[in-house]
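Residues per chain, in single letters:
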Amino acid sequence: MLRKKDRVALTPPMGWNSWDCFAATVTEEQLLENAAYMAAHLKKYGWEYIVCDIQWSEPLAGTGEREYRNFARLTLDQYGRQMPAENRFPSAAGGKGFAPIAKKIHAMGLKFGIHIMRGIPRQAVHEHLPVLGTDVTADQVALPDSISRWNGDMYGLDPQKPEAQAYYDSIFQLYASWGVDFVKVDDICNTNMYPHNPYSAEKEIEMIRRAIDNSGRGMVLSLSPGPAVIEKAWHMEKNANMWRITDDFWDKWELLKAMFERCEVWQKHVSFGCWPDCDMLPLGHIGAGFHAARETNFTRPEQVTMMTLWSIFRSPLIMGGNLPECDSWTLSLLTNAEVLHLLGHSSDACQLARDDAHAVWTSLDEDGSRYLSLFNLGEEEAEISCPLAEVSLFAAQVRDLWQRKDLGAVESTVSAKIAPHGAVLLKLTELHEIE
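It should be emphasised that the depicted structure is a prediction, and the values quoted were computed from it without experimental measurement. Once a new chain begins, its residue numbering starts again from 1 and follows that chain's sequence as written. Restriction of local features to residues with pLDDT of at least 70 applies here, the model being predicted, together with a cutoff of 80 or more for giving and counting side-chain atom pairs; totals for whole chains, interfaces and linings are based on all residues. Heavy atoms from the whole structure form the basis of all side-chain values; hydrogens and water molecules are not counted.

A. Summary view of the pattern of salt bridges. One speaks of a salt bridge when a side-chain nitrogen belonging to Lys or Arg is within 4 Å of a carboxyl oxygen belonging to Asp or Glu. Applying the stated criterion across every chain yields a total of 21 salt bridges. Put simply, Arg244 and Asp279 hold a salt bridge, and the shortest N to O gap is 3.4 Å. Note that Arg244 is positioned in strand β9 (residues 242-244) and Asp279 in the loop between β10 (275-277) and β11 (285-286), a separation of 35 residues in sequence. Only protein chains enter the calculation, and the probe is 1.4 Å; a residue is then buried if its accessible area is under 20% of its type maximum, exposed if over 50%, and partly exposed in between. A residue is classified by how much of its surface remains accessible, and Arg244, at 2% relative accessible area, is buried. Looking at Asp279, the relative accessible area reads 4%, which means it is buried. Counted as one network, the salt bridges with shared partners bring together Arg3, Lys5 and Asp6. By the criteria applied, helices consist of DSSP H or I runs no shorter than four residues and strands consist of E runs no shorter than two, each listed in order from the N terminus.

What follows is the structure, given as structure tokens:
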């Protein structure tokens with residue numbers, strides 16, 4: 001039965017996130033520039049989310065300066081809730097928060113998302129700020145021993161305290177008032193990450209789920225980083241819409257090759273409103289926020305492999321590169337309607353074969369035809385083959401979706417010569433006989 005939370009993501013979310021290109025330094029101007037590009041060039045292909053990633057409440061983000069040694073000085077309201085830093089997001093002045101930006105993005109026909117860390121700001125705890133709607137202060141609901149290993153800004157929240165739920169309710173009510181459509185929650189996806197504290201992730205996921213439901217606004221819930229543990233698949237499916245199955249994914253072949261095993265593990269847990277997430281697409285121009293601006297290190301065949309695996313597996317597609325700097329090649333990857341069709345109209349993806357040199361995936365289209373992706377994981381050009389019997393066919397009409405070209409009829413076996421680290425994506429339409 002379809003759950004209420006699943007209705008906001010009946011197909012894998014498609015959008016853009018600021019992290020790969022701007023890290024923690026993104027500004028209002030950059031968000032709106034990427035939104036305008038998406039509206040003009042990508043929206044008609046299904047791309048719709050513009051997501052502002054981490055540290056949006058920190059005025060000094062990316063400068064290397066800090067007022068506190070162990071955590072950042074954040075912009076907070078009187079209830080310890082993060083507000084956009086006005087020097088980076090000037091339309092937030094006067095307590096407006098992200099509402100003006102969300103309004104502009106919605107006017108483009110797009111949706112708006114934000115990143116948060118799990119928990120409550122340590123700054124709010126140390127300043128004993130009140131929790132909205134309660135008689136307690138932040139220090140009374142925090143778990144001081146529950147701190148992210150890589151970002152010290154937050155304490156976890158104690159699920160045994162009703163006022164902790166009230167804090168989560170208060171921030172999601174705020175996000176609902178801004179018009180937020182998508183929330184990426186960090187330091188929470190791997191529920192085994194902090195085994196000494198059983199409340200540090202799993203229970204906070206449940207609190208966040210309740211807070212979204214209590215807000216009255218549908219929001220996609222994305223959990224990060226991974227890898228999520230397969231033993232908790234049921235918990236992810238119950239509470240979230242997408243969850244990371246990997247640590248941060250970057251433009252390195254070894255990370256892409258490892259994704260085949262991760263997708264194999266999670267292939268049976270892809271369903272309406274429940275999307276195991278292979279992470280962002282480090283395509284195009286990335287790295288500026290890390291003082292290492294560059295074009296992606298992936299070769300063109302590797303880029304095709306990534307897009308093919310993400311699409312047949314039906315991972316969310318979240319573009320990482322700065323959209324206004326896309327070249328024609330990158331744009332062609334993001335606007336191939338025949339490939340993107342798989343996200344909304346295919347099912348039952350599974351890996352048929354994999355070794356160190358090759359992999360084969362298949363899925364079923366709603367019209368009854370089959371998709372077949374052949375991957376060359378080796379270092380030299382190679383011919384990759386798959387017997388049609390493996391996909392319950394005797395003969396088929398073959399179409400190459402990346403080339404957008406019919407290849408004719410085949411029987412017995414499908415084969416293709418593929419560049420090193422490359423892929424082909426084929427659509428197979430059953431033929432009962434070949435003339």
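Text resumes after the structure shown.
B. Broad picture of the packing of aromatic side chains. Aromatic rings from Phe, Tyr and Trp, taking only the six-membered ring of Trp, are treated as a pair when their centres fall within 6.5 Å; an angle between ring planes under 30 degrees marks them as stacked, one over 60 as edge-to-face, and anything in between as tilted. This model, assessed by the stated rule, comprises 16 aromatic pairs. Taking 5.3 Å as the distance between ring centres and 55 degrees as the angle between the ring planes, the aromatic pair formed by Tyr49 and Phe182 counts as tilted. Taken together, the residues Tyr49 in strand β2 (residues 49-52) and Phe182 in strand β7 (residues 182-186) connect sequence positions 133 residues apart. Taken as a pair, Tyr49 and Phe182 share a single burial class, namely buried. Between Trp56 and Trp178, the aromatic rings sit 6.1 Å apart at their centres with planes inclined by 80 degrees, giving edge-to-face as the arrangement. Highlighted residues: Trp56 in the loop between β2 and α3 (99-107) and Trp178 in helix α5 (residues 162-178), separated in sequence by 122 residues. Using a relative accessible area of 5% as the deciding quantity, one classes Trp178 as buried. Ring pairing ties together the aromatic residues Trp56, Phe89, Phe98, Phe112, Phe172, Tyr175 and Trp178, which thus form one cluster.

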